[in-house]
Amino acid sequence: MSRAPWRAGPWAVPSFRAVWLSGLVSDSGDWLLFIALPLVVLERSGSAFGTSIAFLLELVPGALMTPVASWCAERLAPRRFLAGVAVAQGLALLPLLLVPSQGDHAALATVYGVIVVEAALTAASDPARNAVLPRLVPADDLVGANALIGLAQNLARLVGGPLGGVVLAAGGLRVVALCDLASYLVAGVLLTRIDVVSGAADARRTGGRASTWSVLRLPPVRRTVAVTFGCQIAQGMFVVLFVLFVVRSLDGGSADVGLLRGVQAVGAIAGALVLAGLARRASPSALVALSSLTFGLLSLALWNGPSLTTTLWPYVAGFMLAGAPGVVLGTGLTSGLQTGVDGAAHGRAFALGNLASYAGQGVGILAAGLLVGPAGLRPVLDVQGAIYVSVGLLCTLTLRGAGPGPRARAVPRPARRAARA
C-alpha cells in the first residue's frame, strides 16, 4: 500500500513544504484583496466599466513582463528572488493605507496603480515559482507536487475569499491591505528556507540558455501554449458572464454570487487530494484532455439548467463539482511544461504559458462584453462551454504520443550552439 502524499513524495522534501506553505499564506492574503478591491472600485467609480478596468489592468503587466519573467526564472537565485518579490509585493500595498474612506478620483488612481504593480510582480515571479518545482522534487512526483500546490491555492480561496468581504466591512480597505502585507512578509521568510540551485546552473549543464523561439518550437510547449490560450479565452468569458448568469438567469443576488464562487474551492480541494494520491499514474496530457472535456460538458449543463429549474442548490452542487476538473486542468498544464522541457528552458516555457494565459483571458473578456448585447446571454454562455469541449476533444484526438514522459525534452541543438556562440 502506498503512503499518503503528505507522508511521502513531494511532501517529504522540506523545501517543497516551504514553497507550499508560503503559497498558502500569501494566496490567503491575496484573496482578501481580490474580493475587496473590485468592491472598492465599484463603490468609488460607481460603474461596472470601472470594475472591468480593474480586471483588465491585471492582464496587461503579465503580457508585458514575459521577457523579464523568463530572464528572472532562468538567471536569478530562486530563493533570493522569490523571497524578495514576496516582500516587494507586501510593500507595494502601502499606498492603500493612504486611501481615504471616502475616495475621489485620486484615490481610485491609487487603487489602480497598486493593481498594476501587484500584477507585474506576480507575472515576474510566477514562472520562477513553477520552474523551481522540478529542482525540488523528482520527475515522478511533479504531478503530485502540482496537485498539492493546487490544494494550497484552493484552501487559500476557501479561507481568504469569504474573509475578504468580512474584513472589508469590519475594518475597511486599510485593514485588508495590512492583512495581505503581513501574509507576503511571512511568505518571504518561508521562501528563504528553500534550498535549490539557480536556473543559470541548469543552463550551464545543458549547454546554454535557449531562445524564446526555440523553446516555442518544442512540441510540449507548443501544445501547452495553444491549449492554455483556448482555455483562458473561456475563462475570460466566464469572469464577465458568471455574475450575469447568477443575477439574470437564476434571479440571484450578491450572496448567491459569493456562494457559487466559493463552493468551487470545495470541489477543487477534493480533486487535488485525489490527484495527489494518484499522481504517479497520471499523464499530464491525459489530465488536460479529460479535465477540459469534463469542464466543458459540466459548464454547458449548468448554463442550460435554468430551462429546468432556477432553484439554487442544484447549482451549488454543480459549481462544487466544477472545481475538481479546474484544478486537474491546471495541474496537467503545469506538469506538462515541467516534464516536457529541461531546466534550461523552464523559465521561457512558463513565461510563454503565462503570456498565452493573459492574452486568452483578454480576448475572452472583450468577446463576452461585446457579444452578450447582440447575441444574448445564453448563446454566449454556450460558446464558453463549447470552447472547453472543443479543446478537450482536440487533446483527446492527439493524445497518442503527445504526452511528455517523466524525462524532460532537451532544447534543440541549434539553439544550444547559438547560445554558446
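About the cut-offs
- Residues numbered from 1 in each chain as written.
- Predicted model: local features only at pLDDT ≥ 70, side-chain atom pairs only at ≥ 80, totals over all residues.
- Heavy atoms only, no water.
- Helix = DSSP H or I, 4+ residues; strand = E, 2+ residues; numbered from the N terminus.
- Buried < 20%, exposed > 50% of the residue type's maximum accessible area, 1.4 Å probe, protein only.
- Contact = heavy atoms within 4.5 Å.
- Areas by Shrake-Rupley, 256 points an atom, 1.4 Å probe, with all protein chains shown as cover.
- Axes fitted to C-alpha atoms, helices over the stretch in contact; angles between N-to-C directions.
- Parallel < 35°, antiparallel > 145°, perpendicular 65-115°, else oblique.
- Disulfide = S-S within 2.5 Å.
- Core = buried A, V, L, I, M, F, W, Y, C linked by side-chain atoms within 4.5 Å.
- Expected span 1.5 Å × (residues − 1).
- Bend = angle between axes of the 7 residues up to and from the residue.
- Left-handed = near helix turned anticlockwise from the far one by under 90°.
- Nonpolar A, V, L, I, M, F, W, Y, C, P; charged D, E, K, R; others polar.
- pLDDT = per-residue confidence, 0-100.
- Phe/Tyr/Trp six-rings, centres within 6.5 Å; stacked < 30°, edge-to-face > 60°.
- Patch = residues over 30% accessible without salt bridge, like charges linked within 9 Å, V, L, I, M, F, W, Y side chains within 5 Å.
- Salt bridge = Lys/Arg side-chain N within 4 Å of Asp/Glu carboxyl O.
- Polar contact = N/O pair within 3.5 Å; in protein donor to acceptor, adjacent residues only side chain to side chain.

Enquirer: Is there a simple way to think about the overall build of the protein in this case?
Expert: Within the protein one finds 15 helices and zero strands. Counting over 421 residues, the protein shows a buried share of 53%. Taking the contacts inside the protein whose residues are at least 6 apart along the sequence as the reference set, 87% of them involve residues at least 24 apart. Total accessible area on the protein stands at roughly 18300 Å², and carbon and sulfur atoms take up 67% of it.

Enquirer: Looking at this model, I keep getting lost on the packing of helix α13 (residues 346-375) against helix α14 (residues 377-397). Mind explaining?
Expert: Helix packing for two helices is described by the angle between their axes and how far apart those axes are. Axis separation between α13 and α14 bottoms out at 7 Å; the angle between their running directions is 135°. Regarding the angle of α13 to α14, the classification is oblique. Of the residues in α14, those in contact with Ala368, Leu371, Val372 and Ala375 of α13 are Leu377, Pro379 and Val380.

Enquirer: How do you make sense of the state of the cysteines when you look at a structure like this?
Expert: Where two cysteines share a covalent bond between their sulfur atoms, that bond is called a disulfide. Summed over the entire model, instances satisfying the criterion amount to zero disulfides. A disulfide-free cysteine, Cys231 has its sulfur positioned 7.1 Å from the sulfur of Cys395, the nearest such atom.

Enquirer: Sorry if this is basic, but what is going on with the nonpolar core here?
Expert: Counting residues in hydrophobic clusters, the biggest one holds 45 residues, and the most contacted among them are Phe16, Trp20, Phe81 and Leu136. For this core, the secondary structure elements donating two or more residues are α1 (14-45), α3 (66-75), α4 (78-91), α5 (105-132), α6 (142-191), α10 (254-277), α12 (312-340) and α13. Looking at this core element by element, the count peaks at 10 residues for α6. Those residues within four positions of Trp20 in sequence are excluded, and the remaining contacts are Trp11, Leu148, Ile149, Leu151, Ala152 and Leu155. Leu333, Ala368, Val380 and Leu381 belong to the second largest nonpolar core, which has 35 residues in total.

Enquirer: Whenever I open this one, α6 confuses me. Can you help?
Expert: Side chains that are three or four residues apart share a direction in an α-helix, a result of its 3.6 residues per turn. With 50 residues, α6 should reach 74 Å at 1.5 Å per residue; the first-to-last C-alpha distance of 19 Å falls well below that figure. Considering bend angle alone, the principal kink of α6 is centred on Gly171 and spans about 125°.

Enquirer: Honestly, the packing of helix α11 (residues 284-303) against α14 in this entry has me stumped. Any pointers?
Expert: With their axes 7 Å apart at the nearest point, α11 and α14 run at an angle of 160° to one another. It follows that α11 is roughly antiparallel to α14 by the angle criterion. Seen along the crossing, α11 lies across α14 with a hand that is left-handed. Of the residues contributing to the contact of α11 with α14, the split by class is 14 nonpolar, seven polar and two charged.

Enquirer: Got a minute to help me understand unusual backbone geometry in this structure?
Expert: Most peptide bonds adopt trans geometry, and most residues besides glycine take a negative phi value. In this model, Asp251 sits at a positive phi of 55°, which is unusual for a non-glycine residue. Among the secondary structure elements, Asp251 is positioned in the loop between α9 (219-249) and α10.

Enquirer: Any chance you could explain the confidence of the model for the protein here in plain terms?
Expert: Parts of the prediction with low pLDDT should not have their coordinates interpreted in detail. Model confidence for the protein is summarised by a mean pLDDT of 80, while 82% of its residues fall at 70 or above. Long-range and interchain partners of residues 199-208, a stretch whose pLDDT sits below 50, account for 21 contacts in this model, where long-range means more than four residues apart. This model gives residues 400-421 a pLDDT under 50, and the stretch forms 45 contacts once residues within four places in sequence are excluded.

Enquirer: What am I meant to see in the packing of aromatic side chains here?
Expert: The description of an aromatic ring pair uses the distance of the two centres, along with the angle that the planes make with each other. Considering all chains together, one arrives at nine aromatic pairs under this definition. Ring geometry for Phe238 and Trp303: centres 6.2 Å apart, planes at 35°, overall tilted. Here the residue Phe238 occupies a position in helix α9, and Trp303 occupies one in helix α11, the gap between them amounting to 65 residues. Judged by relative accessible area, Phe238 falls into the buried class, the value being 8%. Classification of Trp303 as buried rests on a relative accessible area of 2%. Centre to centre, the rings of Phe245 and Trp303 are 4.8 Å apart; their planes meet at 70°, and the pair counts as edge-to-face.

Enquirer: What is the right way to look at a nonpolar patch on the surface in this model?
Expert: Taken together, the side chains of Leu158, Val159, Leu163, Val166, Val266 and Met320 define a hydrophobic patch exposed on the protein surface, amounting to about 450 Å² of accessible area. Mapped onto the elements of the fold, Val266 is located in helix α10.

Enquirer: Just checking my understanding: could you explain the side chain of Gln384 for this structure?
Expert: With respect to the helices and strands, the residue Gln384 is situated in helix α14. Within the local environment of Gln384, its side chain forms a polar contact with the backbone oxygen of Ala234, the two atoms lying 3.1 Å apart. Those residues in contact with Gln384 that lie beyond four places of it in its chain are Ala234, Met237, Phe238, Leu241, Ser299 and Trp303.

Enquirer: Can you walk me through the environment of Ala351 in this structure?
Expert: Its location among the elements puts Ala351 in helix α13. Owing to a relative accessible area of 2%, Ala351 belongs among the buried residues under this scheme. Once the C-alpha coordinates of Ala351 and Ser125 are considered, the two residues, 226 residues apart in sequence, prove to be 9.8 Å apart. With residues near it in sequence (within four places) discarded, Ala351 still touches Thr66, Ser70 and Pro127.

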